[in-house]
Amino acid sequence: MGKPSRVNQTTLSDFLLLGISERPEEQTLLFVIFLGMYLVTMMGNLLIILAITSDPHLHTPMYFFLANLSITDACFTSASIPKMLVNMHTQSQSISYSGCFAQLYFLLVFGGLDNLLLAVMAYDRYVAICQPLHYSTAMSPQLCALMLSICWALTNCPALTHTLLLTRVAFCAHKAIPHFYCDPSALLKLACSDTRINELMIITMGLMFLTAPLLLIVLSYVRISWAVFGISSPGGRWKAFSMCSSHLTVVLLFYGSLMGVYLLPPSTHSAERESKAAILYMVIIPMLNPFIYSLRNKDMNEALSKLFGSGKTIFLS
């Protein structure tokens, strides 16, 4: 009886986000847990951004893209978690029609940008290890800014197109989404009109933002592996490997969580399994990224020490 009463409290233009759990007694605990993780995510990524921008020694292509990855992670998490926290706190499940599509747009933009930045960072490591003599020209500040601009353009245009196409879909009276965010596939299951072009758009975006970046990352690390195993000294091999270890760890966690759900047979798919995977790559991995990139990173640790040790005000330039 609890679920219909909640439906009656929403307007016809609202969607219902069923969230992680529909049990009222679990909402307070879940609110505290996810609020804590969200605050740690924001603080950790903010510290990475401040450390990189305030230390001239970190004004290199690798840390330039890392700072942008931290910005993207913070925005990606902020696109869904605050609304989930509000719904938990108010014991509500509703999200407005416009709010749902705005959330969807930002999730597509920052989720796609996350993938593309991981691919660009893999290319950066490839150039640094396999073509060190050409690194300064291949990864010049102008080219880095151009690559970042291309990443933004490649994510914004398809995300906007996909969102606008979804606004043309007619939805049925029952608008319950079995997730804590506006998932495009779940939205299409609620449609009462033709969705073939929307389904084609999902496949296209999957190829652009998941398959293509992953192929570039794998190709980069295959070339890096050949170069590393060609180094005669163990110390040289370890130094080359340590340059990639943090990025490789993030890639394995991020794509491993996606493959663990979306590459399984369709018969094993469930809303609960997909929600758990979404929590992993939308909440937990962005929270862990600052720790992964700062762990055993001498330059980053020194920058963070200066950040905490200095009494001066830090201004972003």
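An unreviewed UniProt entry lists the protein under the name Olfactory receptor, with Bos indicus as the source organism. Taken directly from UniProt, the Function (unreviewed entry) text for the protein runs: "Putative odorant or sperm cell receptor." Within the UniProt record for the protein, the comment given under Sequence similarities (unreviewed entry) is "Belongs to the G-protein coupled receptor 1 family."

Undergrad: I would appreciate a short explanation of the packing of helix H2 (residues 27-54) against helix H13 (residues 298-309) in the present structure.
TA: Two measures define how a pair of helices packs: the angle their axes make with one another and the distance between the axes. Contact pair H2 / H13: the axes reach a minimum separation of 9 Å and the direction vectors enclose 95°. Comparing their axes, H13 and H2 come out roughly perpendicular. Counted together, Leu47, Ile48, Leu50, Ala51, Ile52 and Ser54 of H2 and Met300, Ala303, Leu304, Leu307 and Phe308 of H13 form the full contact between these two elements. Looking at the contact of H2 with H13 residue by residue, the classes come out as ten nonpolar, one polar and no charged.

Undergrad: Is there a simple way to think about the UniProt feature "transmembrane region" (unreviewed entry) in the protein in this case?
TA: In the UniProt entry, the feature "transmembrane region" (unreviewed entry) is given for residues 29-50, 101-123, 135-155, 200-222, 243-265 and 277-295. The span residues 29-50 is 100% helical and 0% strand by assignment, and the distance between its end C-alpha atoms comes to 32 Å. Note that residues 200-222 is 100% helix and 0% strand, and that its end C-alpha atoms are spaced 31 Å apart.

Undergrad: Can you help me understand unusual backbone geometry in this one?
TA: Leaving glycine aside, a negative phi is the common case for residues, and trans is the common case for peptide bonds. Even without glycine at this site, glutamine 91 takes up a positive phi of about 60°. Topologically, glutamine 91 is positioned in the loop between helix H4 (81-90) and strand S2 (94-95). Residue glutamine 91 is classed as partly exposed on the basis of its relative accessible area, which comes to 33%.

Undergrad: Explain the side chain of threonine 163 to me, please; I cannot follow it from the model alone.
TA: Looking at the secondary structure, you find threonine 163 in helix H7 (residues 141-167). The residues touching threonine 163, leaving out its near neighbours within four places in the chain, are Phe101, Tyr105 and Leu108.

Thresholds applied
- Residues numbered from 1 in each chain as written.
- Predicted model: local features only at pLDDT ≥ 70, side-chain atom pairs only at ≥ 80, totals over all residues.
- Heavy atoms only, no water.
- UniProt positions renumbered as here; feature names shortened; annotations may be inferred.
- Axes fitted to C-alpha atoms, helices over the stretch in contact; angles between N-to-C directions.
- Helix = DSSP H or I, 4+ residues; strand = E, 2+ residues; numbered from the N terminus.
- Parallel < 35°, antiparallel > 145°, perpendicular 65-115°, else oblique.
- Contact = heavy atoms within 4.5 Å.
- Nonpolar A, V, L, I, M, F, W, Y, C, P; charged D, E, K, R; others polar.
- Buried < 20%, exposed > 50% of the residue type's maximum accessible area, 1.4 Å probe, protein only.

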